[in-house]
Amino acid sequence: MSDLLRAPAEIKYAEELDWLESVDDGPKPFSWRLSPKMVRLFILGSERADGLDREISQKWYGDRSFVERSIVTLASDRGLLLIGDPGTGKSWLAELLSAAISRNSTLVVQGTAGTTEDHIKYSWNVSMVISKGQSRESMIPSPIMTAMETGAIGRFEELTRSTSDVQDALISILSEKYISVPEMDSDNIVFAKPGFSVIATANSRDRGVNDLSSALKRRFNFVRIPVVTNKKNEAEIVRFRTEELLKRHRIELDVPPTLLDVLLQSFADLRASAAAAGSDDEKLESALSSAEQIGVLEDAILHSNFFGERALTARTLASSLVGSLARREPEDLAILNKYLHGVVEPRSKEEGGSWPEFLEGGRDAIATLS
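Rules of the game
Residues numbered from 1 in each chain as written. Predicted model: local features only at pLDDT ≥ 70, side-chain atom pairs only at ≥ 80, totals over all residues. Heavy atoms only, no water. Helix = DSSP H or I, 4+ residues; strand = E, 2+ residues; numbered from the N terminus. Phe/Tyr/Trp six-rings, centres within 6.5 Å; stacked < 30°, edge-to-face > 60°. Buried < 20%, exposed > 50% of the residue type's maximum accessible area, 1.4 Å probe, protein only. Lys NZ or Arg CZ within 6 Å of the ring centre and 35° of its normal. Expected span 1.5 Å × (residues − 1). Arc of directions from axis to C-beta. Lys, Arg positive; Asp, Glu negative; His and termini not counted. Salt bridge = Lys/Arg side-chain N within 4 Å of Asp/Glu carboxyl O. Contact = heavy atoms within 4.5 Å. Patch = residues over 30% accessible without salt bridge, like charges linked within 9 Å, V, L, I, M, F, W, Y side chains within 5 Å. Areas by Shrake-Rupley, 256 points an atom, 1.4 Å probe, with all protein chains shown as cover. Charge placed at Lys NZ, Arg CZ, Asp CG, Glu CD. Polar contact = N/O pair within 3.5 Å; in protein donor to acceptor, adjacent residues only side chain to side chain. Pairing = 2+ DSSP bridges. Core = buried A, V, L, I, M, F, W, Y, C linked by side-chain atoms within 4.5 Å.

A. Structural view of unusual backbone geometry. Non-glycine residue F30 carries a positive phi angle of around 50 degrees. Here F30 shows up in the loop between helix 2 (14-23) and helix 3 (36-44). A positive phi angle, close to 60 degrees, is found at R103, a residue other than glycine.

Below, the structure is given as structure tokens:
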């Protein structure tokens, strides 16, 4: 695992999955590697009441009902559609579910305007077709077809970014549970094995790009993942991801809890401002998600490690926040400047602590970008 830039969940947590599988005596649907209860436990972590001999770490932070509904859906014959704003952990939840159920989360199709039916069905090895003709040997199965053949979970990221032709092809797969290969005379149908299902994700901000047809919607159970606004949960998410980042980069750098509080409060303030805004021009383009908080903190940590004093400061954090969130000029810079003067400046006078340095760092960053 050490030579992988980012190991998939089934490799990263292989020891936990092996152990859970060894003690799991619950009923398992189809070809699942873990029972539904153990899948939930793997994702949400163990509690003392579970009576396990070892602790299982929590990997996804959110309402347990979302996880349970997702698991129940995958145990049926319907697909699962995780929908929500950017950065709400949809893809991470899909990866964890696939890793726990199939021990393979890499059967992924990325939805874009350029995604074609071949990407979800099959294509051909041209050189082999020329030399040997069209056969199963010369076929290149898509990740979805591979999932069908192995009774595993296939993933489709950003479903609403793919065209209607691709979405229509997916309807057939979810309904009939097989793919026809008309180019071959025999052995020309690939049937899905028990355990096959599809987890799709969709960005709620992409509404209107390529809306799902009513026929495709009927093939999915929807689970809407909201933006995490609970400060305690959000702090756990940011702390969890930060620890992973430090381990991956082998960085020994202290992240003071006071600075984490500053980051969380800043995002809470900016979200409140966006909610009260009268038009899109008065809102940051950023979704202000937990993922973007992690990105801000990651930028600040790396900058501190490589170019700072190997200690995270409020000034560096403010600079990273401005640099990460100011995507439109001058709109976003004006919004951030208003926030610094209207909210951070009074708070720095009243509370002190890290806020005065945060204010100064933010002002300097805005002046540099203006």
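B. A look at the packing of aromatic side chains. Within the structure shown, the criterion is met by five aromatic pairs. Each ring, one from Y122 and one from W124, has its centre 5.7 Å from the other, and the planes form 80 degrees; the classification is edge-to-face. Both residues of the pair, Y122 and W124, belong to the buried class. In this structure, R241 is placed above the aromatic ring of W92, and the distance from its NZ or CZ to the ring centre is 4.5 Å.

C. Summary view of helix 16 (residues 355-369). Counted at 1.5 Å a residue, the expected span for helix 16 with its 15 residues is 21 Å, and the 21 Å between its end C-alpha atoms agrees. Turning to helix 16, its buried residues number three or more, namely W355, F358, L359, G361, G362, A365 and I366. Across the axial projection of helix 16, the buried residues extend over an arc of 165 degrees, all falling on one side. Across helix 16 from its buried face, at more than 90 degrees, point the exposed residues A367 and T368.

D. A look at the side chain of K90. Along the chain, K90 falls in helix 5 (residues 90-102). E158 provides the closest opposite charge to the buried, unpaired K90, separated from it by 5.7 Å. Once you skip the residues sitting within four places of it in the chain, K90 turns out to touch L82, I83, G84, D85, T201, A202 and I225.

E. Structural view of a negative patch on the surface. A cluster of acidic residues, D280, D281, E282, E329 and E331, forms a negative patch on the protein surface. You can see D280 is positioned in the loop between helix 12 (257-276) and helix 13 (290-307).

F. Local environment of the environment of K177. Looking at the element boundaries, K177 is found in the loop between helix 9 (164-176) and strand 6 (178-180). In sequence terms K177 and D24 are 153 residues apart; their C-alpha atoms lie 29 Å from each other. Those residues in contact with K177 that sit more than four places away from it in its chain are D77, M148, S172, V190, F191, A192 and F196. Among the polar contacts made by the side chain of K177, one reaches the main-chain carbonyl oxygen of L174 at a distance of 2.4 Å.

G. Structural detail: helix 4 (residues 64-74). Among all positions of helix 4, only V67, S70, I71, T73 and L74 are buried. When helix 4 is viewed along its axis, its buried side chains cluster within an angular range of 160 degrees and face the same direction. Buried residues along helix 4 sit in contact with helix 3, strand 1 (79-84), helix 5, strand 5 (153-157), strand 8 (197-203) and strand 9 (220-225).

H. Seen up close, the pairing of strand 8. The element strand 8 is largely enclosed, with a buried count of seven among its seven residues. Along strand 8, one buried face is formed by S197, I199, T201 and N203 and the opposite face, lined by V198, A200 and A202, is buried too. Relative to strand 8, strand 1 runs parallel, the two sharing five bridges. Each bridged residue has a counterpart across the sheet, and for I83 the counterpart in strand 8 is A202.

I. Region of the structure containing the nonpolar core. V39, I43, W60, L97, L317, L336 and F358 are the most contacted members of the largest nonpolar core, which has 75 residues in total. Ignoring any residue separated from it by four or fewer positions in sequence, one finds W60 in contact with I43, L44, F66, V67, T88, G89, W92, L93, L96 and I225. If you look at the next biggest cluster of nonpolar residues, it comprises 32 residues, including M139, A200, A202 and L212.

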